[in-house]
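Coordinate inspection notes
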Amino acid sequence: MKKVIMTLIFVIAIGGIIFTLKINGEKSINEEQSFDVKQIEELEINIESWNIALENTESEKLTIEFEGKQQKKQQNNPVEIKKDGNKVKVLQQDAEKGVMKNFNFGKKDTIHISIPKNAVKKIVLKNSYGDIKINNIETKEISISTNSGNKTIKGLSANEGIVTSKDGEMIIVDSSLNELIIKSTNGDSYMTRVNSPKTKITSTSGEVFMKEIIEGKALFVETASGDITIAYKETPKSLELTANSESSDISVNLEGYQKEKHTDKLKKGKIGEASNK
């Protein structure tokens, strides 16, 4: 018991020391920068650890605002914003490496980007450790790549969407994409009321849960370890379906579904003639 108490006291003491060092060695920053969207076609975002939020705006300006902490030993601003031709680049880098980098107290550093509908043709977002929130964004092409952190996407409209995630939960709600590709290593994927004629989801480990899905042309879902659940809002008239899981349950709830090949690990079939695949 004494060892447990002593260990706890030691951990608290270390945490207090790190907290003090962090507070004494940083300052608050809050900045904003805007661009005329008529001159912008592409938005490139490369974030190391801050949270990122993309949201719709009625303004004709693309606005980038960030609030967070800057280490006093960090000579340059942790967030760099620059215009390169018809592209706007946002780059965030941490000053600290190692153990200190993983300690964060208080409000999480966040970058907010407000984008008018259909103003930017292409969005490329790379985020190593922070959370991602996307709300009511309309664009032609969007690519999201993240190492860890939760991803919440609501009201996204795009011709093509690609999401690559190594770790962290992903939620996509009330979104419409002509083609959606999701590649996940670890973490559950939840999709509700998503309209995507062509959808491909591959996961190494994690549940794939799809409900109230709107009719599409082709759906492919594969996970090495994790349950697969698929339920459409209305029964599709024509669909090609392939769901594959190496070690978990697969549940397909579709009226008029015709089995072509069904095993414990594979569900393959169609509805109608699957002529629109």
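Cut-offs used in this document
Each chain carries its own residue numbering, running from 1 in the written order of its sequence. In keeping with the model being predicted, local features are shown solely for residues with a pLDDT of at least 70 and side-chain atom pairs are shown and tallied solely at 80 or more, while totals for entire chains, interfaces and linings include all residues. Hydrogens and water are ignored here; the side-chain numbers use all heavy atoms of the structure. We count a stretch as a helix when DSSP gives it H or I for four or more residues in a row; a strand needs E for two or more, and each element gets its number in order from the N terminus. A simple rule labels every residue: compare its accessible area, found with a 1.4 Å probe on the protein chains alone, to the largest value its type can have, and call it buried under 20%, exposed over 50%, or partly exposed in between. Residues count as neighbours in contact if any of their non-hydrogen atoms are within 4.5 Å of one another. Residue-level accessible areas treat just the shown protein chains as cover; the underlying method is Shrake-Rupley with a 1.4 Å probe. Grouping buried Ala, Val, Leu, Ile, Met, Phe, Trp, Tyr and Cys residues that are joined through side-chain atoms within 4.5 Å yields what is termed a nonpolar core. A 1.4 Å probe that fits into a set of points on a 1 Å grid over the protein atoms alone but cannot get out defines a cavity; an open set with protein on both sides within 12 Å along at least five of seven lines defines a pocket, and lining residues are those with an atom within 4 Å of a point. Grid points are joined across faces, edges and corners, and a volume is the space filled by probe spheres set on the points. Stacked, tilted and edge-to-face are the three classes assigned to paired rings of Phe, Tyr and Trp, where Trp is represented by its six-membered ring and a pair needs centres within 6.5 Å; plane angles under 30 degrees give stacked, over 60 edge-to-face, the rest tilted. Only when the NZ atom of a Lys or the CZ atom of an Arg is both within 6 Å of the ring centre and within 35 degrees of the ring normal do we say a charge sits over the ring. Think of a salt bridge as a Lys or Arg side-chain nitrogen and an Asp or Glu carboxyl oxygen that are within 4 Å of each other. Strands are treated as partners if at least two bridges between them are detected by DSSP. pLDDT is a per-residue confidence score from the predictor, ranging from 0 to 100.

Across its full length, the protein chain holds one helix and 22 strands. By residue count, 42% of the 277 residues in the protein chain fall in the buried class. Across the protein chain, contacts joining residues at least 24 apart in sequence account for 37% of those joining residues at least 6 apart. Of the roughly 14800 Å² that the protein chain leaves accessible, carbon and sulfur atoms contribute 47%.

The subject of this paragraph is the nonpolar core. Among the nonpolar cores identified, the biggest contains 56 residues, and V90, I111 and I113 are the most heavily contacted of them. The element best represented in this core is strand β13 (residues 170–186), accounting for five residues. In contact with V90, other than residues within four places in its own chain, are L43, E44, I45, N46, I47, I64, V79, E80, I81, I111 and I113.

Quick look at empty space enclosed by the protein now. Evaluation of the coordinates by the stated rule reveals two cavities of 30 Å³ or more. The volume enclosed by the largest cavity comes to roughly 60 Å³. Lining the largest cavity are I142, I144, I153, L156, G161, I162, V163, I172, L177 and L180. Of all the secondary-structure elements, those providing two or more residues to the lining of the largest cavity are β10 (141–146), β12 (157–165) and β13. Here the second largest cavity is characterised by a volume of approximately 40 Å³. Lining of the second largest cavity is provided by S196, P197, T199, M210, I213, I214, G216, K217, A218, L219, Y232 and L239. Only β16 (208–213) and β17 (218–225) provide two or more residues apiece to the lining of the second largest cavity.

Here we take up the packing of aromatic side chains. Under the criterion given, the structure shown has two aromatic pairs. The ring centre of F220 lies 5.6 Å from the NZ or CZ of K200, which sits over that ring.

Relative to the helices and strands, K69 is located in strand β4 (residues 61–71). Considered as a pair, K69 and K108 are 39 residues apart in the sequence and their alpha carbons are 9.0 Å apart. Not counting residues within four places of it along the chain, the set of residues in contact with K69 comprises E26, K27, S28, I29, W50, P78 and D109.

So, about the pattern of salt bridges. A full pass over the atoms with the stated rule returns six salt bridges. Here E138 ties to K117 by a salt bridge, and the two come within 3.9 Å at their closest N and O atoms. One end of the pair, E138, is in the loop between β9 (132–135) and β10; the other, K117, is in the loop between β7 (110–115) and β8 (122–127), and 21 residues separate them in sequence. On the accessibility criterion, K117 (47% relative accessible area) is partly exposed. For R193, the salt bridge goes to D174, with nearest N and O atoms at 2.6 Å.

Considering the arrangement of structural elements, one finds T242 in strand β19 (residues 239–245). Contacts of T242, omitting those with residues within four sequence positions, involve L219, F220, V221, L266, K267 and K268.

Where strand β14 (residues 189–195) lies against β16, four bridges are found, and the strand directions are parallel. By the bridge assignment, Y190 is partnered in β16 with F209. Note that β16 and strand β18 (residues 228–232) share four bridges and pair parallel. From the neighbouring strand, V208 faces β18, where its bridge partner is I228.

The next point concerns the confidence of the model for the protein chain. A residue-level look at the protein chain finds 82% of positions with pLDDT of 70 or above and a mean pLDDT of 83. Here residues 10–23 is a poorly scored stretch, pLDDT under 50, and it has 11 contacts once near neighbours within four places are set aside; other chains count.

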